[in-house]
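Structural description and commentary
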Amino acid sequence: MDYKDLQSFLSLCSHLHLGKASEELHMSPSTLSRRLARMEEEVGATLLVRETSPLSLTNAGELFKRHAESTLSDWQQLRNSVSGEVSDLQGSLTLFCSVTASYSFLADLLARFRERYPLVDLHIHTGDAAESILKVENGEADIVVAARPEQLSEELTFKTIMPSPLLFIAPKNATTIAQLNQAEIDWSAVPMVLSETGLARTRVNYWFAARDITPNIYAQVSGHEAIVSMVALGAGVGVVPELVLKNSPMAARVRVLSVQPELEPFAVGLCAKTQRMQETLLQALWKTAAL
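Okay, so let's go over this structure. (Residues numbered from 1 in each chain as written. Predicted model: local features only at pLDDT ≥ 70, side-chain atom pairs only at ≥ 80, totals over all residues. Heavy atoms only, no water.)

A tally of helices and strands in the protein chain yields 11 helices and 12 strands. For the protein chain, whose C-alpha radius of gyration is 21 Å, the value lies close to the compact-globule estimate of 19 Å for 291 residues. With respect to the three principal axes, the spread of C-alpha positions in the protein chain is 60 × 55 × 35 Å. In the protein chain, 73% of the contacts between residues at least 6 apart in sequence involve partners at least 24 apart. When the accessible surface of the protein chain is summed, it comes to about 14,700 Å², and 49% of that surface belongs to carbon and sulfur atoms. Side chains of the protein chain carry 25 positive and 33 negative charges; the gap between the two charge centres is 3 Å. (Helix = DSSP H or I, 4+ residues; strand = E, 2+ residues; numbered from the N terminus. Rg over C-alpha atoms; globule rule 2.2 N^0.38 Å. Contact = heavy atoms within 4.5 Å. Areas by Shrake-Rupley, 256 points an atom, 1.4 Å probe, with all protein chains shown as cover. Lys, Arg positive; Asp, Glu negative; His and termini not counted. Charge placed at Lys NZ, Arg CZ, Asp CG, Glu CD.)

Quick look at the pairing of strand β9 (residues 216-221) now. Where strand β8 (residues 191-195) meets β9, 5 bridges bridge the pair, whose relative direction is parallel. The residue of β9 that forms the bridge with L194 is Q220. Handedness of the β8-helix α8 (residues 199-210)-β9 crossover: right-handed. (Pairing = 2+ DSSP bridges. Right-handed = clockwise from strand over helix to strand, strands pointing away.)

The subject of this paragraph is the sheet that holds strand β11 (residues 254-256). In space, the 5 strands of this open sheet follow the order β9-β8-β10-β7-β11, with mixed pairing throughout. The strands lining the two open edges of the sheet, one partner per strand, are β9 and β11. Looking at each pair of strands side by side, their axes are set apart by 35° on average, direction ignored. Of the strands in this sheet, β7 (166-171), β8, β9 and β10 (237-241) touch α8, which is tilted by about 145° from β8. Here helix α9 (residues 224-232) sits on the sheet and contacts β7, β8, β9, β10 and β11; the angle it forms with β10, its principal contact strand, is near 145°. (Axes fitted to C-alpha atoms, helices over the stretch in contact; angles between N-to-C directions.)

We now examine the sheet that holds strand β6 (residues 156-164). Spatial ordering of the open sheet is given by β4-β3-β5-β12-β6, a layout of 5 strands whose pairing is mixed. Looking at which strands have only one partner, the edges of the open sheet turn out to be β4 (120-126) and β6. The mean angle between the axes of side-by-side strands here comes to 25°, regardless of whether they run parallel or antiparallel. Pairing analysis gives 2 bridges linking strand β3 (residues 91-97) to strand β5 (residues 143-147), with the strands arranged parallel. Bridging across to β5, L95 finds its partner in I143.

All chains considered together, the criterion is met by 9 salt bridges. Across the salt bridge formed by D108 and R112, the nearest N and O atoms sit 3.2 Å from each other. Of this pair, D108 and R112 both sit in helix α6 (residues 105-116), 4 residues apart, roughly one helical turn. Of the residues examined, R112 reaches a relative accessible area of 19% and is grouped as buried. The closest approach of N and O atoms between R276 and D142, which form a salt bridge, is 2.9 Å. With R276 in the loop between β12 (266-273) and α11 (280-290) and D142 in the loop between α7 (132-137) and β5, this pair connects stretches of sequence that are 134 residues apart. (Salt bridge = Lys/Arg side-chain N within 4 Å of Asp/Glu carboxyl O. Buried < 20%, exposed > 50% of the residue type's maximum accessible area, 1.4 Å probe, protein only.)

Following the sequence through the fold, D128 ends up in the loop between β4 and α7. With residues near it in sequence (within four places) discarded, D128 still touches F96, S222 and G223.

With that settled, consider the nonpolar core. Of all hydrophobic cores here, the largest spans 49 residues; its most connected members are V145, F168, W187, M192 and V237. With 6 residues, the top contributor of residues to this core is α11. Excluding residues within four positions of it along the chain, W187 makes contact with F168, M192, W207, F208, I213, V237, L257 and V259. (Core = buried A, V, L, I, M, F, W, Y, C linked by side-chain atoms within 4.5 Å.)

Here it is in structure tokens:
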């Protein structure tokens, strides 16, 4: 169990509603439900009664809530103490990430890093998230924000920061794509807008192959942000990480499809070459991400 688990539980206590809490935490309800089940298994008791609406805390849940509040309060005090220390460390780091990452969770991480290491120059390059791992492998970036690949090379070290479910999205107007209005969707006929390469493409390919379906690919694009835009314009159904959708200016013009089974979520985090992990600058950014 980690601090994010405790934060998730307190969000559930605040909302007493799985859907509202999952929206606040930027994860799917099923992911949050699994996280709660794991916490209950570790504690050895039921923490929330799910059969009621709203949800209700058990006696064990009340005790666990007080524990979570106390633990996170102590952790925040430690963070505040650490962030107050200003280092004279100097040098430069090149970081590659997607546009979405640059103005979402990464903004907070870099702000904290700047606070503590004001003399370190950060060079931020943005582009297609599917290129992230390659950028760090060939030395174009010291560190990248990426989705953890299916098989992580021993030459790379990865630190997960947050999960991001992979979602099927369609135009807001339900009549735009006629195939979606059928009682049983014929996925071989649904026009798909997919990323050219990368982990999302790999996982959606597995999804179709497992059902012995050849997808009807309308367009292949570079970058998840472009997929949201094309879907909003009615080009077809796309597959994007939830993190991208929530930060897209086109989010209000698309809808999330309930598709079973769900695609395996992304584990979004930092990635760098293992042989360089002892370098002072990389360690500084790595430790900042852990605060």
